[in-house]
Amino acid sequence: RKEVEQDPGPFNVPEGATVAFNCTYSNSASQSFFWYRQDCRKEPKLLMSVYSSGNEDGRFTAQLNRASQYISLLIRDSKLSDSATYLCVVRPGGGNKLTFGTGTQLKVEL
Amino acid sequence: ETGVTQTPRHLVMGMTNKKSLKCEQHLGHNAMYWYKQSAKKPLELMFVYSLEERVENNSVPSRFSPECPNSSHLFLHLHTLQPEDSALYLCASSQDRLREQFFGPGTRLTVL
């Protein structure tokens, strides 16, 4: 099983739609979780950290389910500019190294 | 954004060339990283420096040689690379090894 697993997509959604991505991780002792966004041929940029209680930043909501070992990202009212690849990132327990998923591609269309 | 800069942005080199990638962070961070990103693969961590000391080397071939002269600068020296080394090389920094990382724009490397 991969350390961090994501559905590669692409997810093609109309503008204004709500879309959700899940990411599963294999190490139950993982301590830190992040969502990064990567535009085509650009560097990854931190979108948000994921806290145990769940957190929201504008149209974006991140949640953590430790029992099932997954994190999710919900995007409401999708914009064309949300089109990108969303990377799930996990810091396994006992280590300082970040482990990246392969990313989920989102395409928001008119 | 100019928090983490990388030069050059694009590099084409032959297998016998020697070149260096440069990374500079202006964020006052104490940890710096080199990653490799190949098509359809997740980011692969190559090297980690914390307070200018190399703390991690993920079985990277010796044709890649990192250097960290101070906490703001990181180099990746390249020599006798192979075509399969063609990829996007990303530098990142973080306040410490437990915090979120911020990436530079990357160097897109093509080895002929």
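See above for the structure.
Residues numbered from 1 in each chain as written. Chains lettered and ligands numbered in written order. Predicted model: local features only at pLDDT ≥ 70, side-chain atom pairs only at ≥ 80, totals over all residues. Heavy atoms only, no water.

(A) The arrangement of the overall build of chain B in detail. Helix and strand content of chain B: zero helices and eleven strands. Ordered by position from the N terminus, the helices and strands of chain B form the series β-β-β-β-β-β-β-β-β-β-β. Here chain B has a C-alpha radius of gyration of 13 Å; the compact-globule value for 112 residues is 13 Å, and the two agree. Seen through its principal axes, chain B has C-alpha atoms that stretch 35 × 30 × 25 Å. Buried residues in chain B amount to 47% of all 112 residues. Here the analysis covers contacts within chain B between residues at least 6 apart in sequence; of these, 54% occur between residues at least 24 apart. About 5,500 Å² of surface is accessible on chain B, with carbon and sulfur atoms providing 49% of the total. Averaged over its 12 positive side-chain charges, chain B has a centre that lies 8 Å from the centre of its 11 negative ones. (Helix = DSSP H or I, 4+ residues; strand = E, 2+ residues; numbered from the N terminus. Rg over C-alpha atoms; globule rule 2.2 N^0.38 Å. Buried < 20%, exposed > 50% of the residue type's maximum accessible area, 1.4 Å probe, protein only. Contact = heavy atoms within 4.5 Å. Areas by Shrake-Rupley, 256 points an atom, 1.4 Å probe, with all protein chains shown as cover. Lys, Arg positive; Asp, Glu negative; His and termini not counted. Charge placed at Lys NZ, Arg CZ, Asp CG, Glu CD.)

(B) Quick peek at the interface of chain A and chain B. If you look at the interface, chain A gives 18 residues, while chain B gives 22 residues. Of the roughly 1,600 Å² buried where chain A meets chain B, counting both sides, 55% is carbon and sulfur surface. On inspection of chain A and its partner chain B, the count reaches zero salt bridges. Remark: the boundary between chain A and chain B carries four residue pairs in polar contact (both at pLDDT 80 or more). No other element matches strand 5 (residues 44-50) of chain A, which puts four residues into the side of chain A that touches chain B. Looking at the side of chain A that touches chain B residue by residue, the classes come out as seven nonpolar, five polar and six charged. (Buried area = accessible area lost by both parts, 1.4 Å probe. Salt bridge = Lys/Arg side-chain N within 4 Å of Asp/Glu carboxyl O. Polar contact = N/O pair within 3.5 Å; in protein donor to acceptor, adjacent residues only side chain to side chain. Nonpolar A, V, L, I, M, F, W, Y, C, P; charged D, E, K, R; others polar.)

(C) The arrangement of the nonpolar core in detail. Within the largest apolar cluster, 23 residues are counted, with the highest numbers of intra-cluster contacts made by Phe-21, Trp-35, Ile-71, Leu-73, Ile-75, Tyr-86 and Leu-106 of chain A. Taken together, the elements giving at least two residues each to this core come down to strand 3 (19-25), strand 4 (32-38), strand 5, strand 7 (60-65), strand 8 (70-75), strand 9 (84-91) and strand 11 (104-109) of chain A. Once you skip the residues sitting within four places of it in the chain, Tyr-86 of chain A turns out to touch Gln-6, Phe-21, Trp-35, Tyr-36, Arg-37, Leu-47, Phe-60, Leu-73, Ile-75, Gly-103, Thr-104 and Leu-106 of chain A. Core analysis: the next-biggest nonpolar cluster, separate from the first, contains 22 residues, Cys-23, Met-32, Leu-74 and Ala-87 of chain B among them. (Core = buried A, V, L, I, M, F, W, Y, C linked by side-chain atoms within 4.5 Å.)

(D) Inspection of the sheet that holds strand 8 (residues 73-79) of chain B at higher detail. Residue and element names in this part refer to chain B. On the basis of which strands lie adjacent, the open sheet formed by four strands has the order 1-3-8-7 and antiparallel pairing. Edge positions in the sheet fall to strand 1 (4-7) and strand 7 (64-70), since each has one partner strand and no second. The mean inter-strand angle of the sheet, taken between neighbouring strand axes irrespective of direction, is 20°. The pairing of strand 7 with strand 8 spans five bridges and is antiparallel. (Pairing = 2+ DSSP bridges. Axes fitted to C-alpha atoms, helices over the stretch in contact; angles between N-to-C directions.)

(E) Region of interest: the sheet that holds strand 1 (residues 4-6) of chain A. All names here are of chain A. An order of 1-3-8-7-6 is seen for the five strands of this open sheet, with the pairing classed as antiparallel. With one partner strand each, in any of the chains shown, strand 1 and strand 6 (55-57) form the two edges of the open sheet. The average angle at which neighbouring strand axes cross in this sheet is 20°, direction not considered.

All we've got here are geometric facts, nothing functional implied.
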